[in-house]
Amino acid sequence: MNINKNVVMKFMHCLASVVLASILGACGEVQNQKIIGRAPVDYVNPYMGNISHLLVPTFPTIHLPNSMLRVYPERADYTTDQLNGLPLIVTSHRGSSAFNLSPYQGDSLRPVIAYSYDDEKLKPYYYEVFLDDAEINVKYAPSHQSALYQIEYGQPNKPAYMMINSQNGAIKAGDGFVSGYQQLQNNTCVYLYVESDIAPLQTGILVNGKLDTSKKNAEGRNACAVLHFADGTKKVNLRYGISFISEEQAKKNLQRELPDYDLQALVKKGRQVWNEALGDIQVEGGAESDKQILYTSLYRVFERPVCISEDGNYYSAFDGKIHEDNGEPFYTDDWIWDTYRAAHPFYTLMIPERVDGFVNSLIEQGEVQGFLPIWGLWGKENFCMIGNHGVSVIAEAYRKGFRGFDAERAFNIIKKTQTVSHPLKSDWEVYTKYGYFPTDLIKAESVSSTLESVYDDYAAADMARRMGKEEDAAYFAKRADYYKNMFDPQTKFMRPRKADGTWKAPFNPSALGHSESIGGDYTEGNAWQYTWHVQHDVPGLIQLFGGEEPFLNKLDSLFTVKLEGESLSDVTGLIGQYAHGNE
């Protein structure tokens, strides 16, 4: 069958629009006001996309691009008028702060103070807020592995305190410093080292709401150190370092990055770093609101992956060991199911100098755990999504000419990932026996898992062919056609299929699937959405529909047919059956 290239291009344009939307985001309307002489970072509005009653897609994060230390104001939800202390490090997107800082004046000491607040100012490199009931003004600026708080106390007749809390770990009030760690869920500890520019009158541990100066160490839930400053103290500067290796390394990170307590210098440097990152894209014409959406979305792209190298070493939660980084930054916390389609291709254009580092980090993680990450969460596999899209990220980098990694080593882990079964998500014996994942032989997501896997097979075949590995290329190219086994010619949908070859019935193409909540054969979607998930072979998909006209009719109806049945928090912003609001 001859395929009209214009039809293919129309479909690819539709896909490209969806991909660009995931990068650039429909972030809401912005007041169109003309401001002269703005730098790229001045267009960034970190509050865009923060409001959602179902699934919060973004947070107002203060950090430097791809850096280990990142924070955002900790609130119960987007409507709350309270802050739960001040954050020191957020170790995962959407997670809460590990450690809390609570400046306070009064007699009711608590590990974490809930503050009412006003006049909040938030930029990618700077945070300021007035804690109105407490009459405390807060300023903050981060570096890569350290940061600086400036606390201004407004009640001169009350004692001034600073609480530093570990929610689940240990804390030490030392001579001129506070240090400690917090245990995280993923076989990881995050470590802290804190210094102040003013020596406190007293230090100790919070015990039953009181400062106990006889105690200098605490462990367990809400282990909290207290610094008591002299009455009349107006300003305290607090600098700290963080580490995933040790408290000593946290101190080294602090000393390497922050030699003093100069907040303004740190703010200036952070602003420069962001302008250099964002300034690679220059815009002419258009409305100011368009530039705000563009640069805010670009700022979001730099949230992941995160560099966790510390003086030539990094801690790997994959095996619980400290590794040498061999002179190259090690990256993790990629959430690769969310980033392989749009963000990683964008990285190859926007920050090509980091792509080899991203690839080498994927290879390292894959070799340690035995397969490329499915959905790595701060250094450890989370298994919550499907596919093995580190395969496509590596293959794409190779296809685009990146050679700062060992291609043989890379392909070896790709081949192992796609041929050796690994826990929960990738039963290759079943996949190759039937040519798809049968709905009655795997727990959930049979259709989506098949369609996501064939794309990785295509990527593996492409890299093998370019490396002259013809046998491997042929093997994976054959598997890349498995998507055809999911297509029901009667309903014209990608449909769940049993091991005996029959179609699962009854079948409702509107029925949503989500393995973590309601199960089903689709991942955060339904048959209407996943039928188009043939990213590597649009002409082949058109052939399955019987030609261009039925293909286009079905594609047009995607945007008009209404969803039937229950909704999901991961499937929102619906335009017909097209889910524009998935995160």
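For the structure itself, consult the block above.
Presented here is a report on the structure given in the accompanying data block. (Residues numbered from 1 in each chain as written. Predicted model: local features only at pLDDT ≥ 70, side-chain atom pairs only at ≥ 80, totals over all residues. Heavy atoms only, no water.)

Time to look at the overall build of the protein. When helices and strands are counted, the protein shows 15 helices and 27 strands. A globule of 583 residues ought to have a C-alpha radius of gyration of about 25 Å, and the protein, at 26 Å, matches this closely. Expressed along its principal axes, the backbone C-alpha trace of the protein runs to roughly 85 × 50 × 45 Å. The buried share of the protein, taken over its 583 residues, is 57%. Restricting to contacts in the protein with at least 6 residues of sequence separation, those with at least 24 account for 66%. (Helix = DSSP H or I, 4+ residues; strand = E, 2+ residues; numbered from the N terminus. Rg over C-alpha atoms; globule rule 2.2 N^0.38 Å. Buried < 20%, exposed > 50% of the residue type's maximum accessible area, 1.4 Å probe, protein only. Contact = heavy atoms within 4.5 Å.)

Counted residue by residue, helix α8 (residues 390-399) has eight buried out of ten residues, so it is predominantly covered. For α8, the set of buried residues is Gly390, Val391, Ser392, Val393, Ile394, Ala395, Ala397 and Tyr398. Contact partners of the buried residues in α8: α5 (336-339), α6 (343-350), α7 (352-369), α9 (407-419) and α11 (446-466). Looking at the residues trailing α8, positive phi occurs at Gly401, about 95°.

For the structure shown, the criterion picks out 24 salt bridges. Glu195 is the salt-bridge partner of Arg239, the closest N and O atoms lying 2.9 Å from each other. With Arg239 in strand β17 (residues 235-243) and Glu195 in strand β13 (residues 189-196), the pair connects residues that are 44 residues apart, well separated along the chain. For Arg239, a relative accessible area of 13% corresponds to the buried category. Glu408 is the partner of Lys469 in a salt bridge, and the nearest nitrogen-oxygen pair spans 3.1 Å. Taken as a pair, Lys469 in the loop between α11 and α12 (470-480) and Glu408 in helix α9 lie far apart in primary sequence, 61 residues in all. For Glu408, a relative accessible area of 39% puts it in the partly exposed group. (Salt bridge = Lys/Arg side-chain N within 4 Å of Asp/Glu carboxyl O.)

On to the packing of aromatic side chains, then. With the rule as written, the count across this model stands at 29 aromatic pairs. On the basis of an interplanar angle of 50° and a centroid distance of 4.5 Å, the ring pair of Tyr140 and Tyr149 is categorised as tilted. Side by side, Tyr140 and Tyr149 carry an identical accessibility label, which is buried. With 5.6 Å between their ring centres and 10° between their planes, Trp532 and Phe545 make a pair best called stacked. Of this pair, Trp532 sits in the loop between α13 (527-530) and α14 (538-545) while Phe545 is found in helix α14, placing the two residues 13 residues apart along the sequence. Here the two residues Trp532 and Phe545 agree in accessibility, since each one is buried. Within the aromatic cluster, the residues linked to one another by ring pairs are Trp428, Tyr431, Phe437 and Tyr482. The ring of Phe493 carries the charged tip of Lys554 above its face, separated from the ring centre by 3.6 Å. Here Lys554 stacks its cationic end above the ring of Trp528, 5.0 Å away from the centre of that ring. (Phe/Tyr/Trp six-rings, centres within 6.5 Å; stacked < 30°, edge-to-face > 60°. Lys NZ or Arg CZ within 6 Å of the ring centre and 35° of its normal.)

What follows concerns unusual backbone geometry. Following Arg304, the chain continues to Pro305 via a peptide bond in cis, the omega torsion being -10°. Topologically, Pro305 is positioned in the loop between α4 (288-301) and β18 (306-307). Pro506 follows Ala505 through a cis peptide bond whose omega is -5°. Locating Pro506 in the fold gives a position in the loop between β25 (493-494) and α13.

For the rest of this paragraph, the subject is α7. For α7, built from 18 residues, the straight-helix expectation of 26 Å at 1.5 Å per residue is met to within 8% by its first-to-last C-alpha distance of 27 Å. Within the span of α7, buried status applies to Val355, Asp356, Gly357, Phe358, Val359, Asn360, Ser361, Leu362, Ile363, Gln365, Gly366 and Gln369. Here the buried face of α7 lies against β21 (331-332), α5, α6, β23 (380-381), α8 and α9. Where α7 ends, the next residue or the one after it, Gly370, has phi of about 100°, a positive value. (Expected span 1.5 Å × (residues − 1).)

This part covers the pairing of strand β5 (residues 100-105). Of all six residues that make up β5, six are buried, and the element is covered over most of its length. Residues Asn100, Ser102 and Tyr104 line one face of β5 and the alternating positions Leu101, Pro103 and Gln105 line the opposite face, and both faces are buried. Across two bridges, the pairing between strand β4 (residues 86-87) and β5 is antiparallel. In the strand pairing of β5, Pro87 is matched with Asn100. Bridging between β5 and strand β11 (residues 160-173) involves six bridges; their strand directions are antiparallel. Counted as the bridge partner of Gln105 is Ala160 from β11. (Pairing = 2+ DSSP bridges.)

Turning our eyes to something else, we now look at the environment of Gly366. As for its placement among the helices and strands, Gly366 is situated in helix α7. Exposure remark for Gly366: the relative accessible area of 0% places this residue in the buried category. Spatially, the C-alpha atom of Gly366 lies 41 Å from that of Gln490, the residues being 124 residues apart in sequence. Once you skip the residues sitting within four places of it in the chain, Gly366 turns out to touch Phe371, Leu372 and Ile413.

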